[in-house]
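Close look at the chain arrangement
Listed below are the residues making up each chain.
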2 protein chains.
Amino acid sequence: MKIELERVTPAEIEKRSFEIIESELPHPIDPSLAPIIKRVVHTSADFDYVDNLCFSEGVVEKALRAIENGACIVTDTNMAKSGINKTALAKHGGEVFCFMSDPDVGEAAKKNGTTRAVASMEKAAEMDRPLIFSIGNAPTALVKLYELIEEKKLKPELIIGVPVGFVNVVQSKELIMQADVPYIVARGRKGGSNVAAAICNALLYMLGRD
Amino acid sequence: MKIELERVTPAEIEKRSFEIIESELPHPIDPSLAPIIKRVVHTSADFDYVDNLCFSEGVVEKALRAIENGACIVTDTNMAKSGINKTALAKHGGEVFCFMSDPDVGEAAKKNGTTRAVASMEKAAEMDRPLIFSIGNAPTALVKLYELIEEKKLKPELIIGVPVGFVNVVQSKELIMQADVPYIVARGRKGGSNVAAAICNALLYMLGRD
């Protein structure tokens, strides 16, 4: 079989990718949400996200203001942390944190019989900075965030709720959409660290790429 | 709406997830490939991979022997590097490398008008160690690997070809499946750093989890 490669310069690859995504969208999408939806499709090649992604009222504007005001991002995986554009975030004064491998988190989880993700969220709740949570793996993290918000122990600027999987993933996302918090959620089982990072980067790039 | 969470202890979450995946498989799968296929579904919640994943003849056995013999893993993203279980690999003497952010790679890419992924693969080809490539992002990396293999400049132990996206992704995967190299490929547009890491981890866990 003869394989024909498309001739595209390195600089054009992303632009061309977004043109293809635009041309294959199953239906028109809200222009204010389009940069986020398209970047998630770009990172997954999965058009299911066009309909899976759920946005609370005015969430994009709130998220952008939070980033501009120096909000930090807390993730539940080092993969998501690795994928978030930390240089772009630092321009606004923010940092990315993942506490999953911290020894005190491991100890707290063991002591309390919880997941390390839960212990990570408890640790983050102690931070005295405006926080965006980007959860790409652990539904237990989302459930804990819901509880902390209900108990008035935490008031996040934004929760990106895109854990992936089969046990309590669907439920944890529905739960967080009932909380009093701005959210971007991938309804259903799909999501992941790559999606969590892509949504953060889409927001950052809406504030300028260079 | 009342949301019911399933009661599962932290230790049981992964086991329960794999039981659900097993029960929802669209058709029986080759038992020797099942740990890889199921782990990719686990990381993506996407059953498309049950049919997308392509394996060259005897690839699992070859990959496991390569890992046991101390093969190193080269990835095209720091996200994939972050997701691979480096402790499990180190037990066999291997390390994970990602050259994408190396200054010399950036300079070589600029000078040659290629992507950093291409320059990364050229850098890896200079290494004097047995190599497994795990490509989750850049089709240009796969195309370069194909060329290096054809030119007899590189003889990888295994290529995990799972870039994601819209420009030359499908073609690059078909190309690598025509090369004389053991491969695991996600045919089509889907893939990603998470899938690249999951396949590495599935192989590592086949050699023992603890």
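None of the values given here were measured: they were computed from a predicted structure. (Residues numbered from 1 in each chain as written. Chains lettered and ligands numbered in written order. Predicted model: local features only at pLDDT ≥ 70, side-chain atom pairs only at ≥ 80, totals over all residues. Heavy atoms only, no water.)

Before going further, it helps to spend a moment on the overall build of chain A. When you go through chain A residue by residue, the secondary structure sums to eleven helices and six strands. Taking 17 Å as the expected radius of gyration for a compact globule of 210 residues, we find that chain A reaches 17 Å, a close match to that expectation. Principal-axis analysis of the C-alpha atoms places the extent of chain A at approximately 60 × 35 × 35 Å. Counting over 210 residues, chain A shows a buried share of 59%. (Helix = DSSP H or I, 4+ residues; strand = E, 2+ residues; numbered from the N terminus. Rg over C-alpha atoms; globule rule 2.2 N^0.38 Å. Buried < 20%, exposed > 50% of the residue type's maximum accessible area, 1.4 Å probe, protein only.)

So, on to helix H8 (residues 116-125) of chain B. Residues and elements named next belong to chain B. Across the ten residues of H8, seven count as buried, placing the element largely inside the fold. Ala117, Val118, Ala119, Ser120, Met121, Ala124 and Ala125 are the residues of H8 that are buried. Looking at the buried positions of H8, the neighbouring elements they touch are strand S2 (72-75), helix H7 (103-112), strand S4 (131-135) and helix H9 (139-150). (Contact = heavy atoms within 4.5 Å.)

Moving on: the nonpolar core. Residue and element names in this part refer to chain B. Ile199 and Leu203 are the most contacted members of the largest nonpolar core, which has 49 residues in total. In terms of residue count, the dominant contributor to this core is helix H11 (residues 193-206) (nine residues). Leaving out residues up to four positions away in the same chain, Leu203 has contacts with Ile36, Val60, Ala63, Leu64, Ile67, Leu158, Ile160 and Ile184. (Core = buried A, V, L, I, M, F, W, Y, C linked by side-chain atoms within 4.5 Å.)

Before going further, it helps to spend a moment on the packing of aromatic side chains. Evaluation of the coordinates by the stated rule reveals four aromatic pairs over all chains. Aromatic pair Phe47 of chain A and Phe166 of chain B: ring centres 6.0 Å apart, planes at 75°, arrangement edge-to-face. Taken together, the residues span two chains, with Phe47 of chain A in the loop between helix H2 (34-44) and helix H3 (49-52) and Phe166 of chain B in the loop between strand S5 (158-161) and helix H10 (169-176). Residue classification places Phe166 of chain B among the buried residues on the basis of a relative accessible area of 9%. (Phe/Tyr/Trp six-rings, centres within 6.5 Å; stacked < 30°, edge-to-face > 60°.)

Across the contact, 45 residues belong to chain B and 43 residues belong to chain A. Broken down residue by residue, the surface that chain B buries against chain A is led by Met79, Phe166 and Val167 of chain B, which jointly contribute 21%. Joining chain B to chain A, the criterion identifies four salt bridges. One salt bridge connects Arg189 of chain A with Glu24 of chain B, and the closest N-O pair in it is separated by 2.7 Å. Here chain B and chain A share eleven residue pairs in polar contact (both at pLDDT 80 or more) between them. (Buried area = accessible area lost by both parts, 1.4 Å probe. Salt bridge = Lys/Arg side-chain N within 4 Å of Asp/Glu carboxyl O. Polar contact = N/O pair within 3.5 Å; in protein donor to acceptor, adjacent residues only side chain to side chain.)

Turning our eyes to something else, we now look at helix H9 (residues 139-150) of chain A. All names here are of chain A. Helix length check: H9, at twelve residues, gives a terminal C-alpha distance of 17 Å against a target of 16 Å (1.5 Å per residue), a fit within 8%. A large share of H9 lies buried, amounting to nine of its twelve residues. Of the positions making up H9, those classed as buried are Pro139, Ala141, Leu142, Val143, Lys144, Leu145, Tyr146, Leu148 and Ile149. Residues of H9 that are buried in the fold lie against helix H8 (116-125), strand S4 (131-135), strand S5 (158-161) and helix H10 (169-176). Positive phi shows up at Lys152, right after H9, with a value of about 60°. (Expected span 1.5 Å × (residues − 1).)

Our focus in this paragraph is the environment of Lys153 of chain B. Within the secondary structure, Lys153 of chain B sits in the loop between H9 and S5. When near neighbours in sequence (up to four residues on either side) are disregarded, Lys153 of chain B contacts Ala125 and Leu148 of chain B.

Note on the copies: chain B fits chain A at an RMSD of 0.0 Å, the axial shift is 0.0 Å, and the rotation between them is 180°. Such a turn and shift between the copies fits a two-fold axis. If distances are taken from each C-alpha of chain B to the rotation axis, the shortest is found for Met79 of chain B, at 2.5 Å. Residue by residue, 96% of the interface of chain B is reproduced at the interface of chain A, so both copies engage with the same surface. (Least-squares fit on C-alpha atoms with pLDDT ≥ 70 in both.)

Residue and element names in this part refer to chain B. Here we have six strands laid out as an open sheet, ordered S1-S6-S5-S4-S2-S3, and mixed in their pairing. Whereas interior strands pair on both sides, the edge strands pair on one side only; in this sheet they are strand S1 (53-55) and strand S3 (96-98). Neighbour-to-neighbour, the strand axes of this sheet turn through a mean angle of 15°, independent of strand direction. Along the sheet, H11 makes contact with S1, S2, S4, S5 and strand S6 (183-186), crossing S5 at roughly 140°. (Pairing = 2+ DSSP bridges. Axes fitted to C-alpha atoms, helices over the stretch in contact; angles between N-to-C directions.)

Moving on to the side chain of Thr115 of chain A. All names here are of chain A. In this structure, Thr115 sits in the loop between helix H7 (103-112) and H8. In this structure Thr115 comes out as buried when scored by relative accessible area, which is 13%. A polar atom in the side chain of Thr115 sits 3.1 Å from the backbone nitrogen of Val118.

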